[in-house]
Amino acid sequence: MLSESSARQVQSVRTAFRIVGAIQKRDGATLHELSGQLDVAKSTVHNYLGTLQSLGYVVERDGSYRLGLRFLTHGMAARNGIEASEAAAAALAATAGEL
């Protein structure tokens, strides 16, 4: 469950992921579209996009920003973690059945 009420959250991280979520939802977006949708100053969105782009999380083509392949690395790691966890649980269940 995702919590939005924790006092221990970093607002800039939340803003970055709001931008990422908006890009994903729109399947690409311009700086102007993101600024308007999120009600964040264009200069602020531009700074976030520059940072996200330098890290490979977004790519820009002809003024439109899309998600970058860097997210694929995280998705694969999450999937592999689930698979390893399920395999370990199955092995433990099989071992427990042998006792």
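In this report, the structure presented in the accompanying data block is examined. All of these numbers come straight from a predicted model, not from anything done at the bench. (Residues numbered from 1 in each chain as written. Predicted model: local features only at pLDDT ≥ 70, side-chain atom pairs only at ≥ 80, totals over all residues. Heavy atoms only, no water.)

### Examining the overall build of the protein chain
And then number 1: Counting secondary structure elements, the protein chain contains 4 helices and 3 strands.
And then number 2: For the protein chain, the α and β elements follow one another from N to C terminus as α-β-α-α-β-β-α.
And then number 3: For the protein chain, the share of sequence-separated contacts (at least 6 apart) that also reach a separation of at least 24 residues comes to 37%.
And then number 4: Only carbon and sulfur atoms are counted for the fraction: they give 57% of the accessible area of the protein chain, which is about 7,300 Å². (Helix = DSSP H or I, 4+ residues; strand = E, 2+ residues; numbered from the N terminus. Contact = heavy atoms within 4.5 Å. Areas by Shrake-Rupley, 256 points an atom, 1.4 Å probe, with all protein chains shown as cover.)

### Some details on the packing of helix 2 (residues 31–38) against helix 3 (residues 42–54)
And then number 1: Look at helix 2 against helix 3: their axes get within 9 Å of each other, and the N-to-C directions meet at 115°. In the crossing of helix 2 with helix 3, the sense of the turn from one axis to the other is right-handed. From helix 2, Leu 31, His 32, Leu 34 and Ser 35 reach across to helix 3, where they touch Lys 42, Val 45, His 46 and Leu 49.
And then number 2: Here the contact of helix 2 with helix 3 is composed, by residue class, of 4 nonpolar, 3 polar and 1 charged. (Axes fitted to C-alpha atoms, helices over the stretch in contact; angles between N-to-C directions. Left-handed = near helix turned anticlockwise from the far one by under 90°. Nonpolar A, V, L, I, M, F, W, Y, C, P; charged D, E, K, R; others polar.)

### Some details on a nonpolar patch on the surface
And then number 1: Taken together, the side chains of Val 10, Val 13 and Phe 17 present a nonpolar region at the surface, about 290 Å² in accessible area.
And then number 2: Mapped onto the elements of the fold, Phe 17 is located in helix 1 (residues 11–26). (Patch = residues over 30% accessible without salt bridge, like charges linked within 9 Å, V, L, I, M, F, W, Y side chains within 5 Å. Salt bridge = Lys/Arg side-chain N within 4 Å of Asp/Glu carboxyl O.)

### Describing the pairing of strand 3 (residues 64–67)
And then number 1: Judged from the 2 bridges that link them, strand 1 (residues 29–30) and strand 3 form a sheet pairing that is antiparallel. Among the inter-strand pairings, Thr 30 is bridged to a residue of strand 3, identified as Ser 64.
And then number 2: As judged from the 4 bridges shared by strand 2 (residues 58–61) and strand 3, these two strands associate in the antiparallel manner. Bridge pairing in strand 3 places Glu 60 opposite Tyr 65.
And then number 3: Between strand 2 and the antiparallel strand that follows it, strand 3, lie 2 residues; Asp 62 among them carries a positive phi value of about 55°. (Pairing = 2+ DSSP bridges.)

### Topic: the sheet that holds strand 2
And then number 1: Spatially, 1-3-2 is the arrangement adopted by the 3 strands of the open sheet, whose pairing is antiparallel. Bordering the open sheet on either side are strand 1 and strand 2, each of which pairs with just one other strand.
And then number 2: Against the sheet, helix 3 engages strand 2 and strand 3, with an angle of about 110° to strand 2.

### Details of the side chain of Ser 35
And then number 1: Along the polypeptide, Ser 35 turns up in helix 2.
And then number 2: According to the relative accessible area criterion, Ser 35 is buried, its value standing at 11%.
And then number 3: Polar side-chain contacts of Ser 35 include one of 2.5 Å to the backbone oxygen of Val 40.
And then number 4: Separated by 3.4 Å, the side chain of Ser 35 and the backbone nitrogen of Lys 42 make a polar contact.
And then number 5: Setting aside its immediate chain neighbours within four residues, Ser 35 contacts Val 40, Ala 41, Lys 42 and Val 45. (Buried < 20%, exposed > 50% of the residue type's maximum accessible area, 1.4 Å probe, protein only. Polar contact = N/O pair within 3.5 Å; in protein donor to acceptor, adjacent residues only side chain to side chain.)

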